[in-house]
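Residue strings, one per chain:
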Amino acid sequence: MIAIIDYGAGNIFSVKNALDYLGYESRLTDKREDLENADSIILPGVGAFPWAMNMLSASGLVDTIKEQAKIKPFLGICLGMQLLFEKSYEFEECSGLSLINGYVDKINEPDLVIPHMGWNKLEYNHNCPLFDGLGNDEYVYFVHSYKVFTDDKTLTAFCTYGGKVPAVVSDGRYVYGCQFHPEKSGKTGLKILENFVSLK
Amino acid sequence: MLAKRIIPCLDVRDGKVVKGVNFEGIKEVGDPVECAYEYNLQGADEIVFYDITASHEGRGVMLDVVRETAKKVFVPLTVGGGIKTVDDIRDTLRAGADKVSVNSQAVQNPSLIKEGADIFGSQCICVGVDAKAIGDKKWTVFINGGRIDMKIDLIDWVKKCEQLGAGEICLNSIDTDGVRGGFDIDMLKAVVDAVKIPVIASGGAGKLGDFADAFLKTDCSAALAASLFHFRELTVGQVKDDCRSKGIIVR
């Protein structure tokens, strides 16, 4: 079973729809036991960073998330990926889950349309099991105004929008993050989700 | 590089795709879930459902359409038409839409944009704008399907939408809509220059080259069409091939 963390953020049904379509059992949940019993965990998210961290803290799941992300595959999507980092400067400085080194700040380039909204091409930086079966011309759907700043080792794929925008990150063990929405990225996104749930 | 988006729009009434808007001579032409799935296979970057249902009961039917579509179409879905309150926005997003498009309601009650953006995030609030030329490079905003001139300057309005938290503008030119002579390039340019958020071109696509034309002549982010795709005069794939052959980046 795949646990999809439900902390009041939108878009969680889309993740579940995609997993249903692929034939994987999943559960929207805010219960500690479900996270502990799951084979893997997905942290979705749409909205603002401080609000999401407040909701996660209020749900009492922060310690469980930190613990489980060390022993089973864990995927953060969009804001859920940004929450994996140490801190964000969205509205105010705010601490994140600190599962990966780095921080989140505004995409700040003059003359760039913001939000970064639409389909952008994945550019691979390091091998990553999430990319199994993907080609060299894969587009995925982004919608965000903030991006993560992290080291090269963590960054497994990026896209180009002004500068480099981190698209996929990994701690090299169990923790992964996608800035785009795999559940809204057509066949490419479904393949990435399938690769994630196939991780052991 | 970010790809330019091609967006087919489906007009839906009481759960059926209809055509011949202008609210007269409407005929049913299909099942919206099947149509959306077909567009998805053609490579649509996003799908818009425009709900022209008048009754309250009909809205529930629209949400069922969204719910069913979201189970088999994995690209962003936008729902417009009849969204008047924050509760309408919530219901639509919870049914599986990624964005809502607000139009007349936003003009009459601009705080709907701000409340929607504050609660659900700017990324899911698209403001649909119907506008018409009143002079050289001057346009005003209309509501109710282009029937009422609100005498609001288009450029002032789109700037206000951006300020209130809109994530995107879908700009429909009443002058070119239905004429099939191409998008309204002058109007589009003026709006793209006025705001930093993405702008979708709407109204006027009549032939293959019209899409590339909008992308080559303006910095719009996406182009939308309804009947052209619906009557299979063109597929999304053909439009993308044409754009690609002209050096435009598409998915």
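None of the values given here were measured: they were computed from a predicted structure.

Basis of the calculations
Residues numbered from 1 in each chain as written. Chains lettered and ligands numbered in written order. Predicted model: local features only at pLDDT ≥ 70, side-chain atom pairs only at ≥ 80, totals over all residues. Heavy atoms only, no water. Helix = DSSP H or I, 4+ residues; strand = E, 2+ residues; numbered from the N terminus. Rg over C-alpha atoms; globule rule 2.2 N^0.38 Å. Buried < 20%, exposed > 50% of the residue type's maximum accessible area, 1.4 Å probe, protein only. Contact = heavy atoms within 4.5 Å. Areas by Shrake-Rupley, 256 points an atom, 1.4 Å probe, with all protein chains shown as cover. Lys, Arg positive; Asp, Glu negative; His and termini not counted. Charge placed at Lys NZ, Arg CZ, Asp CG, Glu CD. Buried area = accessible area lost by both parts, 1.4 Å probe. Salt bridge = Lys/Arg side-chain N within 4 Å of Asp/Glu carboxyl O. Nonpolar A, V, L, I, M, F, W, Y, C, P; charged D, E, K, R; others polar. Pairing = 2+ DSSP bridges. Axes fitted to C-alpha atoms, helices over the stretch in contact; angles between N-to-C directions. Phe/Tyr/Trp six-rings, centres within 6.5 Å; stacked < 30°, edge-to-face > 60°. Lys NZ or Arg CZ within 6 Å of the ring centre and 35° of its normal. Polar contact = N/O pair within 3.5 Å; in protein donor to acceptor, adjacent residues only side chain to side chain. Disulfide = S-S within 2.5 Å.

(A) Focus on the overall build of chain B. Each helix and strand counted, chain B has ten helices and twelve strands in total. A compact globule built from 251 residues should have a C-alpha radius of gyration of about 18 Å, and chain B, at 17 Å, falls within 12% of that. Oriented by its inertia axes, the alpha-carbon framework of chain B measures out at about 45 × 40 × 40 Å. When the 251 residues of chain B are sorted by exposure, 59% land in the buried category. Across chain B, every contact between residues at least 6 apart in sequence was considered, and the portion connecting residues at least 24 apart equals 63%. When the accessible surface of chain B is totalled, it reaches about 10,100 Å², and 49% of it is carbon and sulfur. The average position of the 32 basic charges and that of the 37 acidic charges among the side chains of chain B differ by 2 Å.

(B) Up close: the interface of chain A and chain B. Contacts between the two partners involve 28 residues from chain A and, on the opposite side, 30 residues from chain B. Counting the surface lost from both chain A and chain B, the interface buries some 2,400 Å², and carbon and sulfur atoms represent 61% of this. In terms of surface lost to chain B, no three residues of chain A exceed Met117, Trp119 and Lys184 of chain A, which account for 30% of the buried area on that side. One can count one salt bridge joining chain A with chain B. For Asp98 of chain B, the salt bridge identified is with Lys184 of chain A, shortest N-O distance 2.8 Å. Looking at the side of chain A that touches chain B, the elements that each hand over two or more residues are helix H1 (12-22), strand S8 (116-121), strand S10 (139-144), strand S12 (155-161) and helix H6 (186-197) of chain A. A per-class count over the side of chain A that touches chain B returns 15 nonpolar, nine polar and four charged.

(C) Representation of the pattern of salt bridges in the model. For the structure shown, the criterion picks out 26 salt bridges over all chains. For Asp137 of chain A, the salt bridge goes to Lys121 of chain A, with nearest N and O atoms at 3.5 Å. Residue Asp137 of chain A is found in the loop between strand S9 (123-124) and S10, and its partner Lys121 of chain A is found in strand S8; the two are separated by 16 residues along the sequence. Residue Lys114 of chain B pairs with Asp118 of chain B through a salt bridge whose shortest N-O separation is 2.9 Å. Of the two residues, Lys114 of chain B and Asp118 of chain B both sit in helix H5 (residues 111-120), four residues apart, roughly one turn of that helix. Judged by relative accessible area, Lys114 of chain B falls into the partly exposed class, the value being 39%. Here the salt bridges share partners, and the residues they tie into one network are Arg5, Glu46, Lys99 and Glu168 of chain B.

(D) Fine view of the sheet that holds strand S6 (residues 94-95) of chain A. Residue and element names in this part refer to chain A. Pairing is mixed in the open sheet, where four strands are placed in the order S6-S5-S7-S11. Here the strands that pair on one side only, and so sit at the sheet edges, are S6 and strand S11 (146-149). Relative to strand S7 (residues 103-106), strand S5 (residues 87-88) is paired through two bridges, and the arrangement is parallel. Opposite Lys87, over in S7, you have Tyr103 as the bridge partner.

(E) Geometry of the sheet that holds S9 of chain A. All names here are of chain A. Spatial ordering of the open sheet is given by S2-S1-S3-S4-S14-S13-S12-S9, a layout of eight strands whose pairing is mixed. Unpaired on one side and paired on the other, strand S2 (26-29) and S9 mark the two borders of the sheet. Across the sheet, H6 lies against strand S1 (2-5), strand S3 (40-43), strand S4 (74-77) and strand S14 (175-178), angled at about 140° from S3, the strand it touches most.

(F) The pairing of S8 of chain A, seen in detail. Residue and element names in this part refer to chain A. Among the six residues that make up S8, five are buried, leaving the element largely enclosed by the rest of the structure. Taken together, the six bridges between S8 and S10 define a ladder with antiparallel strand orientation. Across the sheet, residue Gly118 finds its bridge partner in S10, namely Phe142.

(G) Representation of the environment of Ala214 of chain B within the structure. All names here are of chain B. Note that Ala214 resides in helix H8 (residues 209-217). Between the C-alpha atom of Ala214 and that of Ala225, which follows or precedes it by eleven residues, the distance is 12 Å. Not counting chain neighbours up to four residues away, the residues in contact with Ala214 comprise Phe183, Ile185, Leu188 and Cys220.

(H) Examining the packing of aromatic side chains more closely. Applying the stated criterion to the full structure yields ten aromatic pairs over all chains. Between Trp119 of chain A and Tyr141 of chain A, the aromatic rings sit 5.8 Å apart at their centres with planes inclined by 65°, giving edge-to-face as the arrangement. Linking Trp119 of chain A in strand S8 with Tyr141 of chain A in strand S10, this pair joins segments that are 22 residues apart in sequence. Their ring planes at 75° and their centres at 5.6 Å tell us that Phe183 of chain B and Phe211 of chain B sit as a pair that is edge-to-face. Of this pair, Phe183 of chain B sits in the loop between strand S10 (168-173) and helix H7 (185-194) while Phe211 of chain B sits in helix H8; the two residues are 28 residues apart in sequence, bridging distant segments of the chain. Side by side, Phe183 of chain B and Phe211 of chain B carry an identical accessibility label, which is buried. In textbook terms, an aromatic cluster arises when at least three aromatic residues are bridged by ring pairs, as seen for Tyr39, Phe183, Phe211 and Phe229 of chain B. If you follow Lys72 of chain B out to its NZ or CZ, it ends over the ring of Tyr37 of chain B, 5.0 Å from the centre. Its guanidinium or amino end placed over the ring of Trp119 of chain A, Arg251 of chain B lies 3.6 Å from that ring's centre, counting from NZ or CZ.

(I) Representation of the side chain of Gln179 of chain A. Residue and element names in this part refer to chain A. In this fold, Gln179 is placed in the loop between S14 and H6. When its relative accessible area of 0% is taken as the criterion, Gln179 is described as buried. A polar contact is formed between the side chain of Gln179 and the side chain of Gln82, at a distance of 3.0 Å. Discounting chain neighbours no more than four positions away, the residues touching Gln179 are Cys78, Met81, Gln82, Phe142, His144, Tyr146, Pro166 and Ala167.

(J) The state of the cysteines, seen in detail. Residues and elements named next belong to chain B. Summed over the entire model, instances satisfying the criterion amount to zero disulfides over all chains. Here Cys126 stays unpaired: no disulfide links it, and the sulfur of Cys170, its closest cysteine neighbor, is 5.3 Å away. We classify Cys126 as buried; its relative accessible area is 3%. Using a relative accessible area of 13% as the deciding quantity, one classes Cys170 as buried.

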